[in-house]
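In case you want the letters, here they are:
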Number of protein chains: 2
Amino acid sequence: MEPVPVLLAMTYRALGDQFHDRLRQIGLEPLRPAHGYVFRFLEEKRATTVDIGQHLGVTKQAAAKIANELDEWGYVLKEPHPTDKRAQYVTLTTKGRDYLKLADNLWSDLEAEMAEAIGADTLATVKQGLAAYLRHVRGEDRPGLRPIW
Amino acid sequence: MEPVPVLLAMTYRALGDQFHDRLRQIGLEPLRPAHGYVFRFLEEKRATTVDIGQHLGVTKQAAAKIANELDEWGYVLKEPHPTDKRAQYVTLTTKGRDYLKLADNLWSDLEAEMAEAIGADTLATVKQGLAAYLRHVRGEDRPGLRPIW
DNA sequence: AAGTTTGGACAACTTGGTTGACTACTTTGG
DNA sequence: CCAAAGTAGTCAACCAAGTTGTCCAAACTT
């Protein structure tokens, strides 16, 4: 049996490839994973560029670049921070929310297929196991999302 | 619960970060994941640059660069292919095998800690679940190891 | 009020890949 | 058996997506 990180990397890649393919089939410009993760992040909480960088596990400059792209493409907009004149909140536009919704559906499909392939109970155990490990090793603050290569 | 790919990415990152830290504690120059994956690959089978590229999920040029680095640092050497005069086999040197052994021990430690954290049975299910999914989705030919970001 | 920290932007650079072109050798099929 | 097509490897140009370093203005700290 392959070691755990190899399994993780391969599965991540396999899922990502499929997601990417289907997105293209629909005819939607496939953003990079980072963009999707930002959407998902912004859905939950208001965030500044710095917050985003921390969440992704990259520098604020890198995060700013991503945020600017998303802004340019109309998925997010920046609004002034209510109390801090330096900062800006990055928030999802309707277009951004729509994209996220569609992507979520796609992910649901993929996860459903995964459940069918390996058994819903097994998948549930996998998810809970990974989540438990993350809590154990990192407590509340999650590791960056960016896989180190 | 976070979606599967997020869990995969975070866990991969968390494991990788720990591995990296410990390798540095020992005082060993931490190669990149790609190098480790190549070691593991070469341990099993003789491989050419092209094979390596395919295994990692990158172009042969990128694979060649990695192989050359490993060669330069003394972890692998290239020997002529017995029948194909164009090709070269890349094989592990003793130094390479030693490094792999040490890395394997480290990974065992990490995996043992993971087992302790989430339960050995759960970990076993996780591994089997991921492996089963990979077989299902890809059959025999594995997806590239490189996580797409 | 002075000193330190922080959000954000700009610029230069690095890394690690890509595509494209070319050579030498190998395989295939008429 | 030879011509065409395919493949291993290298070189070079390019590109994407990060990094570090520097700076400003606003915000905290004391």
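Residues numbered from 1 in each chain as written. Chains lettered and ligands numbered in written order. Predicted model: local features only at pLDDT ≥ 70, side-chain atom pairs only at ≥ 80, totals over all residues. Heavy atoms only, no water.

Identification of chain A as DNA-binding transcriptional regulator, MarR family from Lentzea jiangxiensis is taken from an unreviewed UniProt entry.

Caption draft 1: Here's a closer look at the packing of aromatic side chains. Under the criterion given, the structure shown has 10 aromatic pairs over all chains. Summarising the aromatic geometry, the rings of Phe39(B) and Tyr75(B) are spaced 5.5 Å apart at their centres and angled 50° between planes, so their arrangement reads as tilted. Note that Phe39(B) is positioned in helix 2 (residues 33–44) and Tyr75(B) in the loop between helix 4 (60–72) and strand 1 (76–80), a separation of 36 residues in sequence. Tyr75(B) sits in the buried class, given a relative accessible area of 2%. Members of the aromatic cluster, connected to one another through ring pairs, are Phe39(A), Tyr75(A) and Tyr99(A). Positioned above the aromatic ring of Tyr75(A), the side-chain terminus of Lys95(A) is 4.6 Å from the ring centre. (Phe/Tyr/Trp six-rings, centres within 6.5 Å; stacked < 30°, edge-to-face > 60°. Helix = DSSP H or I, 4+ residues; strand = E, 2+ residues; numbered from the N terminus. Buried < 20%, exposed > 50% of the residue type's maximum accessible area, 1.4 Å probe, protein only. Lys NZ or Arg CZ within 6 Å of the ring centre and 35° of its normal.)

Caption draft 2: Quick look at the protein's contact with DNA strand D. Contacts to DNA strand D come from 19 residues, most closely from Arg32(A), Thr59(A), Lys60(B), Arg86(B) and Trp149(B). Across the atoms of DNA strand D situated within 4 Å of the protein, the share located in sugar and phosphate is 57%. A distance of 2.7 Å is found between a base oxygen of DNA strand D and a side-chain nitrogen or oxygen belonging to Gln61(A). Here a phosphate oxygen of DNA strand D and a backbone polar atom of Thr49(B) are 3.2 Å apart. Those elements giving two or more residues to the surface near DNA strand D turn out to be helix 4 (60–72) of chain A together with helix 3 (49–56) and helix 4 of chain B. Looking at which element gives the most residues to the surface near DNA strand D, the answer is helix 4 of chain A, with 3 residues. Across the surface near DNA strand D, the residue classes tally to 5 nonpolar, 7 polar and 7 charged. (Near = heavy atom within 4 Å. Polar contact = N/O pair within 3.5 Å; in protein donor to acceptor, adjacent residues only side chain to side chain. Nonpolar A, V, L, I, M, F, W, Y, C, P; charged D, E, K, R; others polar.)

Caption draft 3: Structural context of the relation of the copies chain A and chain B. At an RMSD of 0.1 Å, chain A and chain B line up after a rotation of 180° and a shift of 0.0 Å along the axis. Such a combination of turn and shift is consistent with a two-fold rotation axis. Taking C-alpha positions as the reference, the residue of chain A nearest the rotation axis is Val126(A), at 2.3 Å. When the interface residues of chain A are mapped onto chain B, 100% of them again fall at the interface, so both copies present the same face. (Least-squares fit on C-alpha atoms with pLDDT ≥ 70 in both. Contact = heavy atoms within 4.5 Å.)

Caption draft 4: Seen up close, the protein's contact with DNA strand C. What surrounds DNA strand C is a group of 20 residues, the closest being Lys60(A), Arg86(A), Trp149(A), Thr59(B) and Gln61(B). Of all atoms in DNA strand C that approach within 4 Å of the protein, 58% are sugar or phosphate atoms. At 2.9 Å, a side-chain N or O of Arg32(B) approaches a phosphate oxygen of DNA strand C. Among the secondary structure elements, those contributing two or more residues to the surface near DNA strand C are helix 3 (49–56) and helix 4 of chain A together with helix 4 of chain B.

Caption draft 5: Here's a closer look at the UniProt feature "domain: HTH marR-type" (unreviewed entry) in chain A. Sequence positions flagged by UniProt for "domain: HTH marR-type" (unreviewed entry) are, in local numbering, residues 1–135 of chain A. Within residues 1–135 of chain A, the helical portion is 72% and the strand portion 7%, while the C-alpha atoms at the span's ends are 25 Å from each other. (UniProt positions renumbered as here; feature names shortened; annotations may be inferred.)

Caption draft 6: Fine view of helix 6 (residues 120–138) of chain B. End to end, helix 6 of chain B covers 27 Å across 19 residues, agreeing with the expected 27 Å (1.5 Å per residue, within 8%). Buried within helix 6 of chain B are the following residues: Thr122(B), Leu123(B), Val126(B), Lys127(B), Gly129(B), Leu130(B), Ala131(B), Tyr133(B) and Leu134(B). Among the structural elements, helix 1 (4–26), helix 5 (94–118) and helix 6 (120–138) of chain A together with helix 1 (4–26) and helix 5 (94–118) of chain B are those in contact with the buried residues of helix 6 of chain B. Looking one or two places after helix 6 of chain B, you find Gly139(B), whose phi comes out positive at around 65°. (Expected span 1.5 Å × (residues − 1).)

Caption draft 7: Layout of the interface of chain A and chain B. At the junction of the two partners, chain A supplies 52 residues and chain B supplies 52 residues. Summing both partners gives a buried area of about 5,700 Å² for chain A against chain B, and 78% of it is carried by carbon and sulfur. It is Arg13(A), Tyr133(A) and Trp149(A) in chain A that bury the most area against chain B; as a group they hold 17% of the surface buried on that side. Where chain A touches chain B, the interface holds 0 salt bridges. Linking chain A with chain B are 4 residue pairs in polar contact (both at pLDDT 80 or more), by the criterion used here. At the level of secondary structure, the elements contributing two or more residues to the side of chain A that touches chain B comprise helix 1, helix 2 (33–44), helix 5 and helix 6 of chain A. (Buried area = accessible area lost by both parts, 1.4 Å probe. Salt bridge = Lys/Arg side-chain N within 4 Å of Asp/Glu carboxyl O.)

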